[in-house]
Amino acid sequence: MNTPDTDTKLRGPAVWALILTGVASFMAALDNLVVTTALPAIREDLGGKLEDLEWTVNAYTLTFAVLLMFGAALGDRFGRRRLFIVGLAIFTGASAAAALSPGIDALIAARAVQGVGAAIMMPLTLTLLTAAVPAARRGMALGIYGAVTGLAVASGPLIGGSLTEHISWQWIFWLNVPIGLALIPLARLRLAESTAPDARLDVPGTLLISGGLFGIVYALVNANSDGWTSATVLTCLIVGAALVGGFIHHGFNNANPMLPMRLFRDRGFLGINLASLLMFLGMFGSIFLLSQFLQGVAGYSPTEAGLRMLPWTGMPMLVAPLAGILSDRIGGRPVVAAGLAFQALGLGWFAAILSADVSYAAQLPPLILSGIGMALYFAPAANVLMSTVAPADQGKASGTNNALREVGGALGVAVLASVFSAQGGYESPQAFTDGTIPALWIGAGAVALAAGLALLVPRKAKADRTPADRTPADRTVAVPEKVPAAG
């Protein structure tokens, strides 16, 4: 008889875990970008200013980011399957509320609750999948899981555009409801329950970082409408920065913080995480504007706009396998740095050629270059991240990186939209173009800086050191947790 460690087949429980966690992660990842091509229709139907459109994106990404690690800790403490179902139920209910929103404020509130559900659900998908899949097949299962998540990112603008054009924008949210309702009972019946007995919740850390990031993003979103020197904007910036500073102090001095700041003493960990934050800042902010440019200025329908973004968002599906092979041969650091450089060049190229009457043929090369860059970054980034920490810290490292990516996305939309608002607006195609060009240059600069930071990652990963080279933290052995049978 094969033991779980030697079994080389994906049997029933493992297959169910892969299906359930894969579909759940697809929904959560899809909602990061599905709304972008629906923004013009939402604006026309519900009204609202630029800052309201920003919040329809940022309300989701911000709550997702700041509660991601707290959601993982809740699952460890109270049961991963139980909290996965709770997060799935919150996400599904909030999706229905978003579809039924009578106004822009109600939609923003529903998006924020969606982010809460995703933050509880998403970090537990990998834990549940890893526990259910035999070690010999874990790499294959995680590869399929990653491909499904990548497919969600690639298809988000296209799915959002198609539903918006052929049915209504509300269906980008209704789509989640039947899927979520089907997954909830299946998860209860088919997933095994597990906990981490020593898990602790960092409530003070969660409150500090949540309040701090909200204050900063709120100030950035409202700076142009209220004025950079207004009391509200200045207060939010100062208080937000102070709370983030308190979170950093808490991370250095608390015994069990949500985010151990000691990890950032490793220059590789610091480099890859700052690079990830800046990558998402440039990418999300640019997609937020370009998806609207393709409809409002270039005159494409929502579906046509989604299709025309595929050379950028869909390229990772084609290039990522080759990038993975390349990183195995020459190391992850140069591949990640090259990918970020290509992404920066693509955004800069786009900014250089953009005009109110630019043809799609002229847009295609920078879209393809940006897509190749995204693929070269995504394929080895996880391995590069894990190589910078000891095995015992890999769970927190993964959670930290995912949270910083989401924070980067929220900041990207806020910062680039602020630049757009200061330099242009929705008054005419030329005004929209005038605002988009400097915003794209800012995005390109952020990603170029990310490419430089990626070079901080050491050539020699922790995993490659000899036992004599390793620190005591590196030699920590993670003991596998026993997972009880489902019931």
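Quick note: structure is the one above.
Reading the values: the criteria
- Residues numbered from 1 in each chain as written.
- Predicted model: local features only at pLDDT ≥ 70, side-chain atom pairs only at ≥ 80, totals over all residues.
- Heavy atoms only, no water.
- Helix = DSSP H or I, 4+ residues; strand = E, 2+ residues; numbered from the N terminus.
- Buried < 20%, exposed > 50% of the residue type's maximum accessible area, 1.4 Å probe, protein only.
- Contact = heavy atoms within 4.5 Å.
- Areas by Shrake-Rupley, 256 points an atom, 1.4 Å probe, with all protein chains shown as cover.
- Axes fitted to C-alpha atoms, helices over the stretch in contact; angles between N-to-C directions.
- Parallel < 35°, antiparallel > 145°, perpendicular 65-115°, else oblique.
- Nonpolar A, V, L, I, M, F, W, Y, C, P; charged D, E, K, R; others polar.
- Expected span 1.5 Å × (residues − 1).
- Bend = angle between axes of the 7 residues up to and from the residue.
- Patch = residues over 30% accessible without salt bridge, like charges linked within 9 Å, V, L, I, M, F, W, Y side chains within 5 Å.
- Salt bridge = Lys/Arg side-chain N within 4 Å of Asp/Glu carboxyl O.
- Phe/Tyr/Trp six-rings, centres within 6.5 Å; stacked < 30°, edge-to-face > 60°.
- Lys NZ or Arg CZ within 6 Å of the ring centre and 35° of its normal.
- Left-handed = near helix turned anticlockwise from the far one by under 90°.
- Core = buried A, V, L, I, M, F, W, Y, C linked by side-chain atoms within 4.5 Å.

A tally of helices and strands in the protein yields 17 helices and 0 strands. Taken across its 487 residues, the protein has 54% of its residues classed as buried. Of all intrachain contacts in the protein linking residues separated by at least 6 positions in sequence, the fraction that spans at least 24 positions is 83%. With an accessible surface of roughly 19600 Å², the protein has 66% of that area assigned to carbon and sulfur atoms.

This part takes up the packing of helix α3 (residues 50-78) against helix α4 (residues 80-99). Where α3 contacts α4, the axes come no closer than 8 Å and their chain directions differ by 150°. Comparing the axis directions of α3 and α4 gives the class roughly antiparallel. In contact with Tyr60, Leu74, Gly75, Asp76 and Phe78 of α3, α4 contributes Arg80, Arg82, Leu83 and Phe91. Grouping the constituent residues of the contact of α3 with α4 by class yields 5 nonpolar, 1 polar and 3 charged.

Time to look at α3. Here α3 contains 29 residues, and its C-alpha end-to-end distance of 40 Å stays within 8% of the 42 Å for a straight helix at 1.5 Å per residue. At Leu67, α3 shows its largest kink, close to 50°. Within α3, 25 of the 29 residues are buried, which leaves the element mostly enclosed by the surrounding structure. Looking at the residues trailing α3, positive phi occurs at Gly79, about 115°.

Judged by side-chain polarity, Val15, Ile19 and Val23 come together as a nonpolar surface patch covering roughly 190 Å² of accessible area. Within the secondary structure layout, Val15 lies in helix α1 (residues 12-33).

Secondary-structure assignment places Leu274 in helix α11 (residues 267-296). Judged by relative accessible area, Leu274 falls into the partly exposed class, the value being 34%. Separated by 127 residues in the primary sequence, Leu274 and Asn401 have C-alpha atoms spaced 9.0 Å apart.

Next up on the list: the packing of aromatic side chains. Overall, the coordinates contain 6 aromatic pairs when judged by the stated rule. Between Trp55 and Phe214 the ring centres are 5.8 Å apart and the planes differ by 35°, which places this aromatic pair in the tilted class. Highlighted residues: Trp55 in helix α3 and Phe214 in helix α9 (residues 203-226), separated in sequence by 159 residues. Overall, the relative accessible area of 10% leaves Trp55 in the buried class. Note on Phe214: relative accessible area 45%, which makes it partly exposed. Across the ring face of Tyr360, the terminal group of Arg308 is positioned such that the distance to the ring centre comes to 5.4 Å.

Moving on: the packing of α1 against helix α8 (residues 176-190). Interhelical geometry of α1 versus α8 gives an angle of 150° and a closest axis separation of 10 Å. By the angle class used here, α1 and α8 are roughly antiparallel. At the point where α1 passes α8, the crossing takes the left-handed sense. Counted together, Trp16, Leu20, Val23, Ala24, Met27 and Asp31 of α1 and Asn176, Ile179, Gly180, Leu183, Leu186, Ala187 and Arg190 of α8 form the full contact between these two elements. For the contact of α1 with α8, a count of residues per class yields 9 nonpolar, 2 polar and 2 charged.

Moving on, we get to the nonpolar core. Grouped together as the largest cluster of nonpolar side chains are 132 residues, with contacts concentrated most on Phe84, Phe288, Trp312 and Leu340. No other element matches α11, which puts 16 residues into this core. In contact with Leu340, other than residues within four places in its own chain, are Ala275, Met279, Gly373, Tyr377, Val447, Ala450, Ala451 and Ala454.

Looking at where Leu175 falls in the secondary structure, it is placed in the loop between α7 (171-174) and α8. Relative accessible area serves as the criterion here: at 31%, Leu175 is assigned to the partly exposed category. In this structure the C-alpha to C-alpha distance between Leu175 and Ala96, which are 79 residues apart in sequence, comes to 9.0 Å. Apart from residues no more than four positions distant in its own chain, Leu175 is found in contact with Leu30, Ile159 and Leu163.

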